Amino acid sequence: RGRVTHFDAEVLATRGSQAELRARHHMERRLRLAIANGGLRLHYQPLAEVASNRIVGAEALARWEDDELGPVSPNEFIKLAEETGLIIDLGRWALRTACREAATWPMFESTDGIRRRMKVTVNVSAVQLSQPSFVRDVADALAESGLLPRTLCLEITETAVIGDMHATAKNLQEIRDLGVTIALDDFGTGYSSLTMLRDLPADVVKIDKSFIDKIAEEASTDSVLARLVIETAHSLGMSVCAEGVETNEQAERLAGMGCDTLQGWLISKPRPGSEAFTEWLPSAVLPECLGPRP
Ligand code: C2E
Ligand code: MG
Ligand code: MG
Ligand code: MG
């Protein structure tokens, strides 16, 4: 009897994984179609500058609502896209779309008194970064849209560079030479954060949400680490953006620590499209703790 149960379990496990495999292939087919037929959208989450109390740009976040599968979470379809190579086409689409849409965004007067266009940040996967054609893709997206290079920022994650640090660093340097800025996304969640700071040319560090959650707790380990990241980044001439800011207490703490930019539900959830973002701008209400400090 024990053997029968064991046998059943094995059969079930195999069937289970076959069903999973079929579902995965189905999702892959649907994603391929969505990329080819314009089934993906970009949502834009506003970025608030602490010193000026202003919205200075937004992060482009891919969204997919499939006719058959319904809404699929970005974590799920980005991972699938990375594993299947679809991320190359998806990433190129995101880059071109974000540049084209951001070229219509309004100008604002920055703290140095210069009028600039709002920045757009685009997530880039390791698979894209390792492509020899990637630098040209970025240059093409800029040329097509007419967007100034300094208006574009590329976000890369620590896991994105574990593969080939030298090739990645070289590509990133060429992209920076174009005038495009680089942000280290989800900073602190990998195991090589200090190596990243040392070896990768970057302009911005984005502190991961997992450090922000407990930042309002006085002397919590996370708040000590956040302060360390902010001070280290500043000593290296980089600026700092905090991700996933949800409460006024967190914003106050971060502003007090000298964090440059805030992103999170406290400022706004991602807006459902480029127009939704620009239409929201005039009514934006920013936390009181932002603005020039004494
Ligand atoms: P990410 O780049 O770290 O983006 C931040 C994520 O945190 C987004 O999740 C955003 O919606 C969410 N978020 C922002 N503020 C808050 C907050 O205050 N509270 C909470 N709980 N969450 C907040 P989302 O949109 O689900 O995207 C997940 C990840 O998928 C992104 O993480 C990024 O790594 C990836 N991704 C999204 N679009 C693209 C893309 O076009 N290309 C690539 N390669 N990756 C993408
Ligand atoms: Mg990001
Ligand atoms: Mg992030
Ligand atoms: Mg994150």
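Labelled according to an unreviewed UniProt entry, the protein appears under the name Bifunctional diguanylate cyclase/phosphodiesterase, originating from Kineosporia corallincola.

Asks: I would appreciate a short explanation of the pattern of salt bridges in the present structure.
Replies: Any two side chains of opposite charge can pair if their charged atoms end up close together. All told, the structure shown has 15 salt bridges when counted by the stated rule. With a shortest N-O distance of 3.2 Å, Arg-30 and Glu-68 are connected by a salt bridge. Of this pair, Arg-30 sits in helix α1 (residues 2-36) while Glu-68 sits in the loop between β2 (54-66) and β3 (70-72), placing them 38 residues apart in sequence. Note on Arg-30: relative accessible area 16%, which makes it buried. Residue Glu-68 is classed as exposed on the basis of its relative accessible area of 52%.

Asks: Please explain the site of ligand 1 as it appears in this structure.
Replies: In the vicinity of ligand 1 lie 22 residues, with Arg-63, Asn-123, Asp-185, Glu-246 and Trp-265 positioned nearest. Here a nitrogen atom of ligand 1 and a backbone polar atom of Ala-62 are 3.0 Å apart. Within the side chain of Glu-243, an N or O atom sits 3.2 Å from an oxygen atom of ligand 1. Taken by itself ligand 1 offers 810 Å² of open surface, and the protein chains cover 82% of this. Spatially, ligand 1 is embedded in the largest pocket. For the shell around ligand 1, the secondary-structure elements that each account for two or more residues are β2, α2 (74-84) and β8 (181-187). Here the residues of the shell around ligand 1 are counted per class, giving eight nonpolar, six polar and eight charged.

Asks: What exactly am I supposed to notice about the coordination of the magnesium ion (ligand 4) here?
Replies: Coordination angles at a metal have ideal targets, namely 109.5 degrees for four tetrahedral donors and 90 or 180 degrees for six octahedral donors. Bound to the magnesium ion (ligand 4) on the protein side are Asp-186 (OD), Asp-208 (OD) and Glu-243 (OE), at distances that span 2.2 to 2.8 Å. Taken in sequence order, the residues that donate to the magnesium ion (ligand 4) follow the motif D-x21-D-x34-E. The distance between the magnesium ion (ligand 4) and the magnesium ion (ligand 3) comes to 3.0 Å, and Asp-186 binds to both of them. Placement of the pair is Asp-208 in the loop between β9 (204-207) and α8 (209-212) and Glu-243 in the loop between β10 (239-242) and α10 (248-256), with a sequence separation of 35 residues.

The rules behind each value
Residues numbered from 1 in each chain as written. Chains lettered and ligands numbered in written order. Predicted model: local features only at pLDDT ≥ 70, side-chain atom pairs only at ≥ 80, totals over all residues. Heavy atoms only, no water. Salt bridge = Lys/Arg side-chain N within 4 Å of Asp/Glu carboxyl O. Helix = DSSP H or I, 4+ residues; strand = E, 2+ residues; numbered from the N terminus. Buried < 20%, exposed > 50% of the residue type's maximum accessible area, 1.4 Å probe, protein only. Near = heavy atom within 4 Å. Polar contact = N/O pair within 3.5 Å; in protein donor to acceptor, adjacent residues only side chain to side chain. Areas by Shrake-Rupley, 256 points an atom, 1.4 Å probe, with all protein chains shown as cover. 1 Å grid on protein atoms, 1.4 Å probe; cavity = no way out; pocket = protein on both sides within 12 Å on 5 of 7 lines; lining within 4 Å. Sits in = over half its atoms within 2 Å of the grid points. Nonpolar A, V, L, I, M, F, W, Y, C, P; charged D, E, K, R; others polar. Donors = N, O, S within 2.8 Å, 3.2 Å for Na, K, Ca; no water.

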